[in-house]
Amino acid sequence: MISSVRGEVLSVGLDHVVVEVGGVGFAVQATPATLATLRRGEEARLHTALIVREDSLTLFGFADADARELFGLLQTVSGIGPRLALATLAVLDPGKLRAALVEGNITVLTSVPGIGRKGAERLTLELRDKVTALGGGPGDAPAVTAPGALRAEVVEALAGLGFPAKQAEQAVDKVLADGDGHTTAGVLRAALATLGRKR
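Colleague: Please clarify how the pattern of salt bridges should be interpreted in this entry.
Modeller: Side chains bearing opposite charge may pair, as long as their charged atoms lie close to each other. Under the counting rule described, the total for this entry stands at 3 salt bridges. Measuring nitrogen to oxygen at the nearest pair gives 3.9 Å for the salt bridge that ties Glu43 to Arg6. Highlighted residues: Glu43 in strand E4 (residues 43-53) and Arg6 in strand E1 (residues 4-12), separated in sequence by 37 residues. According to the relative accessible area criterion, Glu43 is exposed, its value standing at 61%. Taking the relative accessible area as the measure of exposure, Arg6 reaches 56% and is therefore exposed.

Laid out in structure tokens, this is it:
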């Protein structure tokens with residue numbers, strides 16, 4: 001799989017950019033926000049996903065790895081292909097998309113052309129847990145997680161690390177009661193510190 005391309009921007013279209021890599025011009029489909037950051041004649045680096053179909057090979061490009069991961073995740077839901085996944089990221093930036101999925105915000109998700117109420121409900125149902133586990137890359141806004149989902153997620157992570165479920169639940173509840181961190185990573189770190197002191 002071609003996971004990234006770096007080279008001179010030969011041209012920028014309405015829905016794609018052509019990047020020259022080693023003498024070969026790669027046409028890369030991208031969102032308007034990503035395309036707006038690219039300039040002809042300058043060097044660019046894009047995180048990419050290659051979609052293989054019987055009759056085509058299409059390269060999709062993203063400004064960061066987080067957007068690429070969400071692009072792949074969206075396509076795990078029935079009825080969401082690469083074009084609709086890209087359209088979703090064109091309308092909603094990764095932070096807004098993740099928040100909408102976690103909170104089950106149907107109104108925000110149906111603002112994407114091609115996603116109706118049923119599709120939005122299916123997206124939140126299937127991706128809510130996956131998207132919080134995915135998190136964000138360095139420099140991204142912390143993943144927004146509903147309190148109940150956050151607690152369950154951190155307890156599950158601690159259980160996976162070998163802590164007894166009861167002990168994990170108590171540690172997480174203590175952290176949440178103390179107000180130490182409101183992101184999954186923050187609560188997990190604080191809970192581990194609490195459990196470490198008990199050992």
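After that view of the structure, there is still more to cover.
Colleague: Looking at this structure, I do not really get helix H2 (residues 65-74). What am I missing?
Modeller: Quick reminder: α-helices carry 3.6 residues per turn. Residues three or four places apart thus point the same way. With 7 of 10 residues buried, H2 lies mostly within the body of the structure. Those residues of H2 not exposed but buried are Asp66, Ala67, Arg68, Leu70, Phe71, Leu73 and Leu74. In this structure Asp64 caps H2, since a side-chain oxygen of it lies 3.2 Å from the backbone nitrogen of Asp66.

Colleague: Any chance you could explain the packing of aromatic side chains here in plain terms?
Modeller: Each aromatic ring pair is specified by the distance between its two centres and by the angle formed by the two planes. This model, assessed by the stated rule, comprises 2 aromatic pairs. With centroids separated by 5.1 Å and ring planes inclined at 40 degrees, the aromatic side chains of Phe60 and Phe71 adopt a geometry described as tilted. One end of the pair, Phe60, is in strand E5 (residues 56-62); the other, Phe71, is in helix H2, and 11 residues separate them in sequence. As far as the burial class goes, Phe60 and Phe71 line up, both buried. Where Phe62 meets Phe71, the ring centres are 4.9 Å apart and the plane angle is 45 degrees; that geometry is what we call tilted. Phe71 gets classed as buried once you look at its relative accessible area, which sits at 1%. Here the aromatic cluster, defined as three or more aromatic residues joined through ring pairs, consists of Phe60, Phe62 and Phe71.

Colleague: For this particular structure, what's the right way to read the sheet that holds E1?
Modeller: Within a sheet, each strand pairs with its neighbour through backbone hydrogen bonds, oriented either parallel or antiparallel. Ordered by their spatial adjacency, 5 strands build a closed barrel running E1-E2-E3-E5-E4, and the pairing between neighbours is mixed. In this sheet, adjacent strand axes meet at a mean angle of 55 degrees when their direction is disregarded. As paired elements, strand E3 (residues 24-29) and E5 share 2 bridges and run parallel to each other. Looking across to E5, one finds that Gln29 is bridged to Phe60. This element, H2, spans E4 and E5 of the sheet and lies at about 10 degrees to E4. On the sheet, helix H3 (residues 82-91) packs against E3, E4 and E5 and is oriented at approximately 15 degrees with respect to E5.

Reading the values: the criteria
Residues numbered from 1 in each chain as written. Predicted model: local features only at pLDDT ≥ 70, side-chain atom pairs only at ≥ 80, totals over all residues. Heavy atoms only, no water. Salt bridge = Lys/Arg side-chain N within 4 Å of Asp/Glu carboxyl O. Helix = DSSP H or I, 4+ residues; strand = E, 2+ residues; numbered from the N terminus. Buried < 20%, exposed > 50% of the residue type's maximum accessible area, 1.4 Å probe, protein only. Polar contact = N/O pair within 3.5 Å; in protein donor to acceptor, adjacent residues only side chain to side chain. Phe/Tyr/Trp six-rings, centres within 6.5 Å; stacked < 30°, edge-to-face > 60°. Pairing = 2+ DSSP bridges. Axes fitted to C-alpha atoms, helices over the stretch in contact; angles between N-to-C directions. Contact = heavy atoms within 4.5 Å.

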